[in-house]
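Letter by letter, the chains look like this.
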Amino acid sequence: MISINDDAAGRSLVDEVSEFFSPEGALSSLKHFEYRAEQQQMAVSVAEALMNAEPLVVEAGTGVGKSLAYLVPAVLLAKREKRKAVITTHTINLQEQLILKDIPLLQSVLGDAEGAGVRAVLMKGRRNYVCPTRLRRALAVGDDLFTSSDRDDLKAIEDWCKKTKDGSRSDMNFDVPPRVWAQVCSEPHICTLKTCGGTKSCFYQEVRKQVAAADLVVMNHTLFFTLLAAQPELVEKGTGTLFPNDFVIFDEAHTLESVAAKQLGLNVTQAGLRFELHRLYNPRNHKGLFKLAGDMRGIEETAAVLGEMDDFFMGIESECGFHNSKPWEREFRVRNPELVENTLAEGLRKIRACALEAADRDEKESAKLELQDLARRMAEAREAISAFLDQSAEGHVYWVEQGGINKDSVSLNAAPIDVAERLRPIFFENGKSCVVTSATLGIGDKKLEYFQKRVGAEQCTAVQIGSPFDYAKQMKVHLVRSMPAPGETGYDEALVKWIRHFVAKSQGRAFILFTSWKLLNMVADSMEAYFSGQGWDMIVQGRGGSRRYLLEQFRENESSVLLGTDSFWTGVDVPGEALENVIITRLPFAVPSHPLTAARMEAIEDEGGSAFMEYSLPEAILKLRQGAGRLIRSQDDSGMVVILDNRVLSKRYGSAFLKALPEAPIEVSG
């Protein structure tokens, strides 16, 4: 074992990390240790980058063990230099793996089984946590704020609050309506150090204390960019990104561009605005903070804006032509300012004024804080709506989107077309300690230039590290020459036929990945009787349960077949016999009609480039690699990847997809 504080021998971080992962190093003390040259290579590269304060991009193939490869140098540097390592991921699964498995394992190897030497915290967004102070205030409020069913929910939260360990919604085994949770969760201007920091009962304030003292902070990409955009109270001083003198490691970084664009953009939803207004006053049940405060003017202004809001969003829907759109058409790009008249600005301004005046009159600190918080929200909504209608941010694309199962909520959206310009100075200039890694960043070439350009990391060192798996023996790729192209006559029938053929080969045990809900539902309806007759459970995304629940069902029944769309192409880990077949129904080209995709393609064309070759094709290759990567997750796995899109054989660009896959035998049918 080594000591994280022992640098008496004068060893560099690189030397120490290299020795740690060597065949006789500290990691070899583990029972099932298996030396992996690829893991050692990655760990050394990360150590060099962190030691020299240089940004690094690393593609590390499946099976490398990349989490330990970056955790070890991160922990050693954090402890040695008293810095904080921020580890950010895309999926909950990886966050839990880091906190529950990888970091405890590392602690034990470092001679710190009790975990006192390496302090790690999983940080969630503050609204995930119940605030006991707000909960007590809510329980004390009378009928002016909550219905009888709401009060039953509050009592259930109170009982749970006495037992929960971390106070977050993920620890609940029951559902709570959003309107109730909004009254008891931690909020920036209500749950503060002043109001809640004096006791140990506030879960979020305790997390904040743990984060301040931690060596490693684990969070997701969305929270990271939310905090970065808001410059929250966590940031005080120093040269760090979120914390003074921190350094950042992005895992699952293939989603970095999309998450950054979303979080650095603008989003106002009709449902969200109605929700916040109802907290002030709901005409249907006559509840709300204005009713509690006895503020008739506030009640009248809120009721008026609620009516105006429906007209406002109906006007937007009309201008976008949604009433004549097809069921799958949910987005409309807005190319010019002033799509409709801003009829909400004055009403929201009046509501904000009423809320602030009511807060000044209220002698109860609890009600005062709640009213002030909602006044801020009214101001933020007003500013966001104005920014959307004015199209005030340069370099952004603007669009309207219909959400909800029945397309019953409209949202106003804006996003930067090029996030590279935003990310480059924050993460990728000289002197920045930032490591970016994923199993899929490249598009089949020997460099990572496409990914680097998309996120602004063009000048960074880039390293590609292959997988230790023997794909030539563990995997076979199946193609079908006679398969009609998508959209051609007979495509649906042929797709069902060949899915049946290949699923029979693996006796179930298959993922069938789709690029559209329409195609997924067609196949599910067509094959339900067949799967049932074979005794294979058909698990269909969107037809019962969360993503996690569906995966649990798939793992438990080793002859089942899972049909999924976008979220099942990546971040899914099913090693073993449960998954022996991944069927990709269609090459995953992004829908060019989505406003953000269209704007990115237009920007390339405007610069004289080819949008297809420089964006559509690389993005589809990355997505295909992610989908195919679901199959082989361990040295003992084996199986087939089936691509039921004949364009890999009939189109000139088809070879680019095959070249990007691991080297494995290819069999062509039909």
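Residues numbered from 1 in each chain as written. Predicted model: local features only at pLDDT ≥ 70, side-chain atom pairs only at ≥ 80, totals over all residues. Heavy atoms only, no water.

A. Molecular detail of the overall build of the protein chain. In terms of helices and strands, the protein chain carries 26 helices and 18 strands. Here the protein chain has a C-alpha radius of gyration of 27 Å; the compact-globule value for 670 residues is 26 Å, and the two agree. Once the C-alpha set of the protein chain is aligned to its principal axes, its extents read approximately 75 × 75 × 55 Å. Expressed as a percentage of its 670 residues, the buried residues of the protein chain come to 53%. Sequence-distant contacts, at least 24 apart, represent 75% of the contacts inside the protein chain between residues at least 6 apart. Both charge centroids of the protein chain, one from 79 positive and one from 93 negative side chains, sit 2 Å from each other. (Helix = DSSP H or I, 4+ residues; strand = E, 2+ residues; numbered from the N terminus. Rg over C-alpha atoms; globule rule 2.2 N^0.38 Å. Buried < 20%, exposed > 50% of the residue type's maximum accessible area, 1.4 Å probe, protein only. Contact = heavy atoms within 4.5 Å. Lys, Arg positive; Asp, Glu negative; His and termini not counted. Charge placed at Lys NZ, Arg CZ, Asp CG, Glu CD.)

B. Structural detail: the sheet that holds strand β3 (residues 120-122). The strand order across the open sheet built from seven strands is β3-β4-β2-β5-β10-β1-β11, with neighbouring strands paired in parallel fashion. On the outer flanks of this sheet lie β3 and β11 (461-465), each paired with one strand and no other. Along the sheet, successive strands turn relative to each other by an average axial angle of 20 degrees, direction set aside. Two strands pair when backbone bridges link them, and strand β2 (residues 84-89) and strand β4 (residues 216-220) are joined in this way by five bridges, in the parallel orientation. Opposite Ile87, over in β4, you have Val218 as the bridge partner. Together, β1 (56-60), β5 (246-250), β10 (434-438) and β11 form the strand contacts of helix α2 (residues 37-51), whose direction differs from that of β11 by roughly 170 degrees. (Pairing = 2+ DSSP bridges. Axes fitted to C-alpha atoms, helices over the stretch in contact; angles between N-to-C directions.)

C. Summary view of the sheet that holds strand β8 (residues 396-403). Strand order in this open sheet of four strands is β6-β9-β8-β7, and the pairing throughout is antiparallel. Every other strand in the sheet has two partners, leaving β6 (266-269) and β7 (331-334) as the edge strands with one partner each. Going across the sheet, the axis of each strand differs from the next one's by a mean of 20 degrees, ignoring polarity. Strand contacts of helix α12 (residues 270-280): β6 and β9 (409-416), with the helix running at about 65 degrees to β6, the strand carrying the most contacts.

D. Highlighting unusual backbone geometry. With phi around 55 degrees, Glu338 is a residue other than glycine that occupies positive phi space. Relative to the helices and strands, Glu338 is located in the loop between β7 and α15 (345-361). Judged by its relative accessible area of 63%, Glu338 falls in the exposed class. Even without a glycine there, the phi angle at Gln391 is positive, about 50 degrees. Counting through the fold element by element, Gln391 comes out in the loop between α16 (365-390) and β8.

E. Focus on the nonpolar core. Ile157, Phe224, Phe225, Phe250, Ile316 and Val400 are the most contacted members of the largest nonpolar core, which totals 102 residues. No other element matches α16, which puts ten residues into this core. Leaving out residues up to four positions away in the same chain, Phe224 has contacts with Val86, Thr88, Met219, Thr241, Leu242, Val248, Phe250 and Phe427. Judged by nonpolar contacts, the second largest core, of 44 residues, contains Ala26, Val72, Leu77 and Ala78. (Core = buried A, V, L, I, M, F, W, Y, C linked by side-chain atoms within 4.5 Å.)

F. Expanded view of the packing of aromatic side chains. Within the structure shown, the criterion is met by 24 aromatic pairs. Seen in terms of ring centroids, Phe250 and Phe427 are 5.2 Å apart; in terms of plane orientation they differ by 90 degrees. Their pairing is edge-to-face. Residue Phe250 is located in strand β5, and its partner Phe427 is located in helix α17 (residues 420-427); the two are separated by 177 residues in the primary sequence. Ring geometry for Phe531 against Trp536: centres 6.2 Å apart, planes inclined by 45 degrees, an arrangement best described as tilted. Residue Phe531 is classed as buried on the basis of its relative accessible area, which comes to 0%. The exposure class assigned to Trp536 is buried, which follows from its relative accessible area of 5%. Ring pairing ties together the aromatic residues Phe224, Phe225, Phe250, Phe427 and Phe428, which thus form one cluster. The ring of Phe243 has Lys84 sitting right over it, with the charged end atom 5.6 Å from the ring centre. Over the face of the ring belonging to Tyr530 we find Arg500, whose NZ or CZ atom lies 4.4 Å from the ring centre. (Phe/Tyr/Trp six-rings, centres within 6.5 Å; stacked < 30°, edge-to-face > 60°. Lys NZ or Arg CZ within 6 Å of the ring centre and 35° of its normal.)

G. Structural detail: the pairing of β1. The buried count for β1 comes to five of five residues, which makes it a mostly enclosed element. On β1, burial covers both faces: Leu56, Val58 and Ala60 on one face and Val57 and Glu59 on the other are all buried. As paired strands, β1 and β11 are joined by five bridges and run parallel to one another. Bridging across to β11, Val57 finds its partner in Ala462. Two strands pair when backbone bridges link them, and β1 and β10 are joined in this way by four bridges, in the parallel orientation. Bridging across to β10, Val57 finds its partner in Val436.

H. Main features of the confidence of the model for the protein chain. Per-residue confidence for the protein chain gives a mean pLDDT of 90, with 94% of residues at or over 70. Taken together, the stretch residues 232-238 has pLDDT below 50 and engages in 13 contacts with residues farther than four places along the chain or on a different chain. (pLDDT = per-residue confidence, 0-100.)

I. Up close: the environment of Thr88. Topologically, Thr88 is positioned in strand β2. Using a relative accessible area of 0% as the deciding quantity, one classes Thr88 as buried. Spatially, the C-alpha atom of Thr88 lies 27 Å from that of Gly395, the residues being 307 residues apart in sequence. Excluding residues that lie within four positions of it along the chain, Thr88 makes contacts with Met219, Asn220, His221, Phe224, Val248, Ile249, Phe250 and Asp251.

J. Spotlight on the environment of Ala457. Note that Ala457 resides in the loop between α18 (449-455) and β11. In this structure Ala457 comes out as buried when scored by relative accessible area, which is 0%. In the structure, Ala457 is positioned 70 residues away from Met527 in sequence and 45 Å away in space, judged by C-alpha atoms. Among residues more than four places away in sequence, those in contact with Ala457 are Val57, Phe428 and Gln452.

K. Looking closely at the state of the cysteines. Tallying each qualifying case throughout the model produces zero disulfides. Residue Cys434 stays outside any disulfide, its sulfur separated by 7.6 Å from that of Cys460, the closest cysteine. Given the relative accessible area of 2%, Cys434 is considered buried. (Disulfide = S-S within 2.5 Å.)

L. The arrangement of helix α23 (residues 595-606) in detail. A rise of 1.5 Å per residue sets the reference length of α23, with its twelve residues, at 16 Å; its end C-alpha atoms lie 16 Å apart and thus fit the reference within 8%. Taken together, the buried positions of α23 are Pro595, Leu596, Thr597, Ala598, Ala599, Arg600, Met601 and Ile604. Packing partners of the buried residues in α23 comprise α11 (256-263), β7, β8, β9, α18 and α24 (611-628). Where α23 terminates, the next one or two residues include Gly608, which has phi positive at roughly 90 degrees. (Expected span 1.5 Å × (residues − 1).)

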